[in-house]
Amino acid sequence: AAADTPAPPSRPIPRYTVDLDAAPEDRWEPVLTNPKLNAALQYSVPALYAHFTSTPALKNATDAIVAAMAPNVPDMYVREMQGMARILNVTYEATLVAQLYAELKQSLPDTDTGDGARRRLGAVPHATGKECTSIVAQRANGTVYHARNQDYHVRRDDHPARLLARQHHRLH
């Protein structure tokens, strides 16, 4: 397993503070205006959308899952994603599908691959199902920490998607 462990980063990981008291559509601007990350996301968000809508069957399944989930997305998160889409110059629909990556990847039905095998419709090439992990913890003073890694097979320590974002609310 030691061979699978990535080397420590050779450069500092960029750090950002996400102000959760800011308007939802503006919260992620300090992070998303990083030129390297912005360029990477301007490519990857539409690429994920294109992947999950690449065939009629896949588009129908994706549309059905998104349609079932979209009414339950709180307005605050809709506004966050609209802001992300604006900053990245991509569509809201592509941003929503990218945010639902894990849900879509796990929810799409199996399909025949044409060679007698079956695979999950919409399976992302080279994906292992181990891309994302989340944890939430609360300190005694009420501070809530939410950490989520989105590996997506990022093995290079200079990849623009490697960052550390601290989210906070001012206590009122």
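That block above? That's the structure.
All values reported here derive from a predicted model rather than from experimental measurement.

So, about the packing of helix α4 (residues 75-88) against helix α5 (residues 92-99). Between two packed helices, the angle of one axis relative to the other and the distance separating the axes together describe the packing. Relative to each other, α4 and α5 sit at 115°, their axes nearing to 9 Å. Where α4 crosses over α5, the handedness of that crossing is right-handed. Along its contact with α4, which presents V78, M81, Q82, M84 and A85, the element α5 presents Y92, T95, L96 and Q99. Split by residue class, the contact of α4 with α5 holds six nonpolar, three polar and no charged.

As for its placement among the helices and strands, R27 is situated in the loop between β1 (15-19) and α1 (29-32). Judged by its relative accessible area of 6%, R27 is buried. Beyond its immediate chain neighbours, meaning those up to four positions away, R27 contacts V18, D19, L20, A22, M76 and E80.

Spanning 14 residues, helix α3 (residues 56-69) covers 20 Å between terminal C-alpha atoms, matching the ideal 20 Å at 1.5 Å per step. Residues of α3 that are buried sit in contact with α2 (35-52), α5 and α6 (101-107).

With that settled, the discussion passes to the packing of α2 against α5. Orientation of α2 relative to α5, taken along the N-to-C sense of each, is 80°, at an axis distance of 8 Å. One element, α2, and the other, α5, form an angle in the roughly perpendicular class. Taking contact as the criterion, the partners of V45, L48, Y49 and F52 in α2 are, on α5, E93, A94, T95, V97 and A98. Residue classes in the contact of α2 with α5 are distributed as seven nonpolar, one polar and one charged.

Note on aromatic pairs: each is described by the distance of the centres and the angle between the planes. In this structure the tally under the stated criterion is one aromatic pair. Taking 6.2 Å as the distance between ring centres and 75° as the angle between the ring planes, the aromatic pair formed by F52 and Y101 counts as edge-to-face. In this pair, F52 is assigned in helix α2 and Y101 in helix α6, connecting sequence segments 49 residues apart. What makes F52 buried here is its relative accessible area of 0%.

Turning our attention to the environment of V18. Summarising the element assignment, V18 is placed in strand β1. Considered as a pair, V18 and W28 are ten residues apart in the sequence and their alpha carbons are 6.2 Å apart.

Within the fold, Y43 resides in helix α2. Assessed through its relative accessible area of 63%, Y43 is described here as exposed. Residues Y43 and V90 lie 47 residues apart in sequence; the distance between their C-alpha atoms is 9.3 Å.

Now for the nonpolar core. Within the largest apolar cluster, 28 residues are counted, with the highest numbers of intra-cluster contacts made by W28, V31, L32, V45, F52, L104 and L108. Listing elements by their share of this core, those giving two or more residues are β1, α1, α2, α3, α4, α5 and α6. Of the residues forming this core, the biggest block, five residues, is contributed by α4. What V45 contacts, discounting residues up to four positions off in sequence, is L88, V90, A94, T95 and A98.

Now for the pattern of salt bridges. Scanning the entire structure with this criterion turns up four salt bridges. D63 is paired through a salt bridge with K59; the nearest N and O atoms lie 2.7 Å apart. Note that D63 and K59 are positioned in helix α3 at a spacing of four residues, about one turn of the helix. Note on K59: relative accessible area 33%, which makes it partly exposed.

Conventions and cut-offs
- Residues numbered from 1 in each chain as written.
- Predicted model: local features only at pLDDT ≥ 70, side-chain atom pairs only at ≥ 80, totals over all residues.
- Heavy atoms only, no water.
- Axes fitted to C-alpha atoms, helices over the stretch in contact; angles between N-to-C directions.
- Helix = DSSP H or I, 4+ residues; strand = E, 2+ residues; numbered from the N terminus.
- Left-handed = near helix turned anticlockwise from the far one by under 90°.
- Contact = heavy atoms within 4.5 Å.
- Nonpolar A, V, L, I, M, F, W, Y, C, P; charged D, E, K, R; others polar.
- Buried < 20%, exposed > 50% of the residue type's maximum accessible area, 1.4 Å probe, protein only.
- Expected span 1.5 Å × (residues − 1).
- Parallel < 35°, antiparallel > 145°, perpendicular 65-115°, else oblique.
- Phe/Tyr/Trp six-rings, centres within 6.5 Å; stacked < 30°, edge-to-face > 60°.
- Core = buried A, V, L, I, M, F, W, Y, C linked by side-chain atoms within 4.5 Å.
- Salt bridge = Lys/Arg side-chain N within 4 Å of Asp/Glu carboxyl O.

Any functional reading would require information that these geometric values do not contain.
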